[in-house]
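Working through the structure, step by step
Spelled out from the first residue to the last, the chains are:
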Amino acid sequence: MSDTLIRDWDAHLAHEKRRSEHTRRAYIATAERFCGFLSQHRGGAVDAGMLKSLTPNDLRAYLADRRAEGLGNASAARELSALRGFLRFVGGSNADVPQMRGPRVKKGLPRPVAPAEAIALAQDVEDNAREGWVGARDFALLLLLYGAGLRIGEALSLTGAALPLGDTLRVMGKRGKTRIVPILPAVANAVSRYVAACPYPMVKETPLFLGARGGPLAPGVVRASVRSARRSLGLPERTTPHALRHSFATHLLAGGADLRSLQELLGHASLASTQVYTAVDAAHLLDIYRSAHPRA
């Protein structure tokens, strides 16, 4: 019975909600894991009647089981959001979906966005887009900020002339300064997926990232989507599109990149602008030390 419900939900996501294939795969995988868990937790076949009778304790038990497998806060919040959608679909428009507060990320001193949080943020923005191609667009854009360290204005100034993305990308930064940034395969694939789904033609003279009506995409639209996603995932307010660029820099520095190379990748005119990331990285290391050292 659960297989039929999941197939029906997949069709609903595709045709009514117009979610992307990427989003549907993630949602369906969550529903399948949840139904598999319920068959053991509740016992017996999982059907619409059982799903309508669930309580917050059932959801807590599922999340506890997933957390035991290593699921992080952001991913757990995203799975909970997907399950609420599934249960609303099964129960109908008047469904009494179990309510529970999702996991929260502990707030503290400013820190870079963790890699898993950056990806979860981009995925949640895609999942909740009004149309599949819009979700693919936002996912690609946020991955470009995190994976290549672009400013949001730099990403939105790209045109169709940048296609197809190769191993590197020429970016026009502040004061007309250009730089070359490397492009990861995951970023290039995300952009290609968006371009394939976009209903508007891509030509060299037009913006690469288009708005819902085919005009240039406004940065405020992206920021609003990120605000909604970070609330859904329980991420702190510091999680903004620009924070993804900061995270790109901090993670590269932690991985061994030297300041001069980082300066070139970020397009900083002065090395002093880049040196701020050494303080951010030092704060992160100090946090690890204090939590791990027995004498701290």
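Refer to the structure printed above.
These numbers were taken from a predicted model, which means no experiment stands behind them. Every chain's residues receive numbers from 1 upward, in the order its sequence appears when written. Per-residue local features of the predicted model are confined to residues with pLDDT of at least 70, and side-chain atom pairs are confined, for both listing and counting, to 80 or more; whole-chain, interface and lining totals are unaffected and use all residues. Water and hydrogen atoms were dropped before computing side-chain values, which therefore reflect all heavy atoms in the structure.

**With respect to the packing of helix 1 (residues 2-15) against helix 5 (residues 73-91)**
When two helices pack together, their arrangement is given by the angle between their axes and by how far apart the axes lie. As a packed pair, helix 1 and helix 5 sit with axes 10 Å apart at the nearest point and diverge in direction by 100°. In terms of axis orientation, helix 1 runs roughly perpendicular to helix 5. Seen from helix 1, the contacting residues are L5, I6, D8, W9 and H12; seen from helix 5, they are A82, G85, F86 and F89. Note on geometry: axes are lines fitted to C-alpha atoms, helical ones only across the stretch in contact, with angles between N-to-C directions running from 0 to 180 degrees. A run of H or I in DSSP becomes a helix once it reaches four residues, and a run of E becomes a strand once it reaches two; helices and strands are each numbered from the N terminus. When an angle is under 35 degrees it counts as roughly parallel; over 145 it counts as roughly antiparallel; between 65 and 115 it counts as roughly perpendicular; any other value is oblique. Pairs of residues are marked as contacts when any of their non-hydrogen atoms sit within 4.5 Å.

**Side note on helix 6 (residues 115-127)**
Given the number of residues in a helix, its expected span is that number minus one, multiplied by 1.5 Å. Look at helix 6: 18 Å from first C-alpha to last across 13 residues, which is about the 18 Å you get at 1.5 Å a residue. Extensive coverage of helix 6 is indicated by the burial of 10 of its 13 residues. Partly exposed residues are those whose accessible area sits between 20% and 50% of the maximum for their type, while under 20% is buried and over 50% is exposed, using a 1.4 Å probe and protein chains only. Buried within helix 6 we find E117, A118, A120, L121, A122, Q123, D124, V125, E126 and D127.

**Some details on the nonpolar core**
What we call a nonpolar core is a set of buried Ala, Val, Leu, Ile, Met, Phe, Trp, Tyr and Cys residues that are connected through their side-chain atoms within 4.5 Å. Counting residues in each nonpolar core, the largest one holds 49 residues, and the members touching the most others are L142, L144, L150, L169, I183, Y194 and F209. Only helix 5, helix 6, helix 7 (132-148), helix 8 (152-156), strand 1 (168-172), helix 9 (185-197), helix 10 (219-233) and helix 11 (241-254) provide two or more residues apiece to this core. The contacts of L144, once residues within four sequence positions are left out, are G149, L150, A155, L158, I183, V187 and F209. L5, I28, Y62 and L71 belong to the second largest nonpolar core, which has 29 residues in total.

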